[in-house]
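Residues per chain are reported as follows:
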Amino acid sequence: MTSLDTSTGTPVGAAGPPPGPSAGTRRTPRGKGAALGLVAWLAGILFFLPIAWMALTSFHAEADAATNPPSLAASLTLDGYRDFFGAGGGASPWPALINSAVASVASTLFVLLLAMPAAYALSIRPVKKWTDVLFFFLSTKMLPVVAGLLPIYLFAKNTGMLDNIWLLVILYTSMNLPIAVWMMQSFLAEVPVAIIEAARVDGARLPVILTRIVAPISAPGIAATALICFIFSWNELLFARVLTGVVAQTAPVFLTGFITSQGLFLAKVCAASLVISLPVLAAGFAAQDKLVQGLSLGAVK
């Protein structure tokens with residue numbers, strides 16, 4: 001038997017209506033969610049449209065690619081790709097692609113090897129005034145690249161390192177190291193200190209802690225950092241254009257060779273741009289889950 005509450009008139013002990021959703025658990029209205037999804041799709045299409053247009057133009061003949069406005073119904077051909085790979089008697093792109101791969105991969109590996117201990121010292125074992133150290137690292141990226149071009153050129157000339165791929169490796173490593181330390185410091189700050197202390201009690205030294213404990217836990221952040229450094233190195237043009245010639249020529253420098261005094265061969269340039277962009281697109285697609293996870297690491301507690 002249930003009694004009545006005299007103040008409210010409701011039976012005491014009886015099951016009341018289910019509680020409504022709290023302010024923190026209210027869902028977004030369906031119409032608003034659909035509008036946000038539509039905006040996201042439109043933004044994605046706008047970003048993808050130039051790439052799709054470049055890919056379509058690369059399969060057109062030069063006469064059709066040069067029309068204004070371009071014809072979507074023009075016949076498709078592989079002449080642009082044949083000319084890019086030297087089928088028409090031109091230079092082969094493979095040495096330039098190999099040089100870009102060597103410079104990008106080697107510099108990225110060196111950046112990770114140097115950035116990991118530095119980020120460990122700034123996050124897990126913080127040094128004094130570590131925020132000032134991070135600001136100094138970031139301030140080095142504020143210097144215009146062209147301001148250091150002449151001193152670096154004179155240094156390379158006097159040391160006989162002009163047109164040397166290892167000079168680009170050193171430059172790309174030094175250019176990407178500050179941003180890598182900045183990124184990895186935030187990633188390594190999320191590593192539980194208790195695990196590191198337990199490993200230290202068991203007798204683990206710093207190399208073992210970095211390779212077997214810190215690296216697996218912060219793998220998404222390391223992957224995101226490596227991908228960004230690889231993209232920066234692969235796309236760099238200014239130093240590669242000035243400091244290389246024939247032996248150490250990279251893919252972006254090779255691409256500029258299609259713009260001659262005879263005119264712009266649009267279909268060939270689009271084919272070359274698409275081929276040169278494929279390694280970056282493939283790396284981003286292969287590491288997309290790690291990239292998203294690494295860039296959002298620490299954003300949600």
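Structure first, text after, so check above.
The present account deals with the structure reproduced in this document. Bear in mind that the values here come from a model prediction, so they are computed numbers and not experimental data.

### A look at the packing of aromatic side chains
Evaluated as defined, the whole model comprises five aromatic pairs. Their ring planes at 75 degrees and their centres at 4.9 Å tell us that Phe-84 and Phe-85 sit as a pair that is edge-to-face. The partly exposed category is assigned to Phe-85, whose relative accessible area is 34%. Judged by centre distance (6.0 Å) and plane angle (75 degrees), the rings of Phe-84 and Phe-254 are edge-to-face. Of this pair, Phe-84 sits in helix 3 (residues 79-84) while Phe-254 sits in helix 12 (residues 251-256); the two residues are 170 residues apart in sequence, bridging distant segments of the chain. Here the aromatic cluster, defined as three or more aromatic residues joined through ring pairs, consists of Phe-84, Phe-85, Trp-94 and Phe-254.

### With respect to the layout of surface pockets
In this model, the largest pocket occupies a volume close to 360 Å³. Surrounding the largest pocket, 17 residues form its lining, Thr-140, Val-145, Ser-174, Met-175 and Phe-239 being those nearest its centre. Of all the secondary structure elements, the ones that give two or more residues to the lining of the largest pocket are helix 7 (165-188) and helix 10 (219-235). No other element matches helix 7, which puts six residues into the lining of the largest pocket. Residue composition of the lining of the largest pocket, grouped by class: ten nonpolar, five polar and two charged. For the lining of the second largest pocket, the secondary-structure elements that each account for two or more residues are helix 1 (30-58), helix 10, helix 12 and helix 13 (266-286). Classifying every residue of the lining of the second largest pocket gives nine nonpolar, three polar and no charged.

Criteria and cut-off values
Every chain is numbered independently, its residues counted from 1 as its sequence is written. Predicted model: local features are reported for residues with pLDDT of at least 70 only, side-chain atom pairs are reported and counted for 80 or more only, and whole-chain, interface and lining totals are derived from all residues. Each side-chain value is worked out from all heavy atoms of the structure, with water and hydrogens disregarded. The pairing test for Phe, Tyr and Trp rings, Trp by its six-membered ring, is centres within 6.5 Å, and the orientation test on the planes gives stacked under 30 degrees, edge-to-face over 60, and tilted for anything in between. A 1.4 Å probe rolled over the protein chains alone gives each residue an accessible area, and that area as a share of the maximum for its type sets the label: buried under 20%, exposed over 50%, partly exposed in between. Secondary structure elements are defined from DSSP: runs of H or I of at least 4 residues count as helices, runs of E of at least 2 residues count as strands, and each element is numbered from the N terminus. The pocket and cavity definitions rest on a 1 Å grid over protein atoms only: a 1.4 Å probe that fits but cannot leave marks a cavity, an open set with protein on both sides within 12 Å along at least five of seven lines marks a pocket, and residues lining either have an atom within 4 Å of a point. Grid points are joined across faces, edges and corners, and a volume is the space filled by probe spheres set on the points. Classification convention: Asp, Glu, Lys, Arg as charged; Ala, Val, Leu, Ile, Met, Phe, Trp, Tyr, Cys, Pro as nonpolar; all other residues, Gly among them, as polar.

Taken by themselves, the reported measurements are silent on function.
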